[in-house]
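Commentary on secondary and tertiary structure
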Amino acid sequence: MTLKDTLRKLQEGPQLDAQAVVEAWQKAVGDFLGQIREFLKEYRESGAILIQDGQVQLREDLLGGYSAPNMALRAGPATIRVEPVGRVVVGATGRVDLYRMGRAAESQRVIALREGISPQGSRWNLLIPPIDRSFEIMSLPALLKSQERKQVPFDKENLESAVDKLLR
Amino acid sequence: MAAPVESINTAFTRCDALLKLVNYARTRAFANPKDDFSCEMFGIAKSENKGMALAKLNRIFDEIDGLIAHLTLLDIAAAFEKAFRESLKNAVGEARKIIHDQYNIPSLAEVREKLVRNVDKYEGLGTIEVLLEGYMEPELLKALRLIRENRNNFAHGTDVKSPPTIFANQAFAVLKKIAEDYL
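Conventions we followed
- Residues numbered from 1 in each chain as written.
- Chains lettered and ligands numbered in written order.
- Predicted model: local features only at pLDDT ≥ 70, side-chain atom pairs only at ≥ 80, totals over all residues.
- Heavy atoms only, no water.
- Helix = DSSP H or I, 4+ residues; strand = E, 2+ residues; numbered from the N terminus.
- Buried < 20%, exposed > 50% of the residue type's maximum accessible area, 1.4 Å probe, protein only.
- Contact = heavy atoms within 4.5 Å.
- Buried area = accessible area lost by both parts, 1.4 Å probe.
- Salt bridge = Lys/Arg side-chain N within 4 Å of Asp/Glu carboxyl O.
- Nonpolar A, V, L, I, M, F, W, Y, C, P; charged D, E, K, R; others polar.
- Core = buried A, V, L, I, M, F, W, Y, C linked by side-chain atoms within 4.5 Å.
- Pairing = 2+ DSSP bridges.
- Axes fitted to C-alpha atoms, helices over the stretch in contact; angles between N-to-C directions.

Let's shift gears to the environment of K82 of chain B. Residue and element names in this part refer to chain B. By the secondary structure assignment, K82 is in helix α3 (residues 50–102). Given the relative accessible area of 44%, K82 is considered partly exposed. Sequence separation between K82 and I8 is 74 residues; the distance between their C-alpha atoms is 9.8 Å.

Another aspect to go through is the interface of chain B and chain A. Of the residues lining the interface, 31 residues belong to chain B; the matching set on chain A comes to 32 residues. Each partner contributes to the roughly 2700 Å² buried at the junction of chain B and chain A, and carbon and sulfur atoms together form 58% of this total. Counting every contact that joins chain B to chain A gives zero salt bridges. Elements represented by at least two residues in the side of chain B that touches chain A include exactly α1 (4–31), α3, α5 (138–155) and α6 (168–182) of chain B. Top contributing element to the side of chain B that touches chain A by residue count: α1 of chain B, with 11 residues. Considering only residue class, the side of chain B that touches chain A consists of 13 nonpolar, nine polar and nine charged.

Turning to the nonpolar core, a few remarks are in order. Grouped together as the largest cluster of nonpolar side chains are 67 residues, with contacts concentrated most on F32, I36, L73, V82 and L98 of chain A together with F80 and I147 of chain B. Here this core takes eight residues from helix α2 (residues 18–39) of chain A, the largest share from any one element. Not counting chain neighbours up to four residues away, the residues in contact with I147 of chain B comprise L73, A77, L125, I166, A171, V174 and L175 of chain B. Listed in part, the 14 residues of the second largest apolar core include A25, F37, L57 and F61 of chain B.

What follows is about the environment of I64 of chain B. Mapped onto the elements of the fold, I64 of chain B is located in helix α3. Taking the C-alpha atoms as reference points, I64 of chain B and D36 of chain B, 28 residues apart in sequence, are found 20 Å from one another.

Residue and element names in this part refer to chain A. If you trace the seven strands from one edge of the open sheet to the other, you get β1-β2-β3-β4-β5-β6-β7, paired in antiparallel fashion. Of all the strands in the sheet, the pair left with one neighbour each is β1 (50–60) and β7 (150–153). With direction set aside, neighbouring strand axes in the sheet form an average angle of 25°. Of the strand pairs in this sheet, β1 and strand β2 (residues 64–75) are connected by 11 bridges, and their pairing is antiparallel. Bridge pairing in β2 links V56 to A68. Together, β1, β2, β3 (78–86), β4 (95–100), β5 (110–115) and β6 (123–128) form the strand contacts of α2, whose direction differs from that of β2 by roughly 5°.

Here it is as structure tokens:
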């Protein structure tokens, strides 16, 4: 086989359409933020939570640079940031983090992981951080155990519970 | 030489200790954002109102949290690379000895040990990836790539508030597994 044949064979194989992946990911994040808005409607309408939309610039080696929507939830003096982290992550098809400003440690974040790539809409799960055990000196096995998160589906009840946990 | 897995464990636990120290400071500072401790540690002016002091602390701790997340990856990746390099160097030494002792061919006599020299270069995550590609499970390889990308991006100017796209404990588990299986 010549180099020409090899190159042709490679070009016939599956190609990564980075732009399409990014567009689908941007839409998925937008839909996710829209669902948050919907789930928190009663709190928005009562003025207990103010929502501020924004954009963030992201860069991933496989996809290049792109922008994605983000959101801030303001409740009194506290602000929860809802920030897309990346499309290419381990074990999921995208990740968005929710964290209270001033408490951005990985162990304190609620992590939303996207499942599948259906154009009809993505399914999301929330990984709820464990009880904070920052002040305990632990052996390595105990430390790893202490970082285990609870996974729950993204719905109104679980989002409310996650937001409550972040605000406490 | 510490066992490879032990080096990675040590790096991971020291980063956790660093995070705990920060959490002590965080708890103390947010409880009294304008006391001597907060003002001295975090540059808050006594004349600042409490709201501004809290906003400043939020920003500072978000950046420190981001920094620690990236440092954790950096540290465990560096521990892994060092362990990998040390393990490999033994093999390079053996290979060179064999070439020196058993392949006493006149041609290239001066440089024949260089035949294995390129193995020395398998010391960074990128070249380790190349070496293990095809042997490792695809998910493990993907995770190793993410660790490398995040480490490189951080070294070359990532916004410290953007977290790594791989969790520290995932990265830890991946590097530990590779160390256990291949070193």
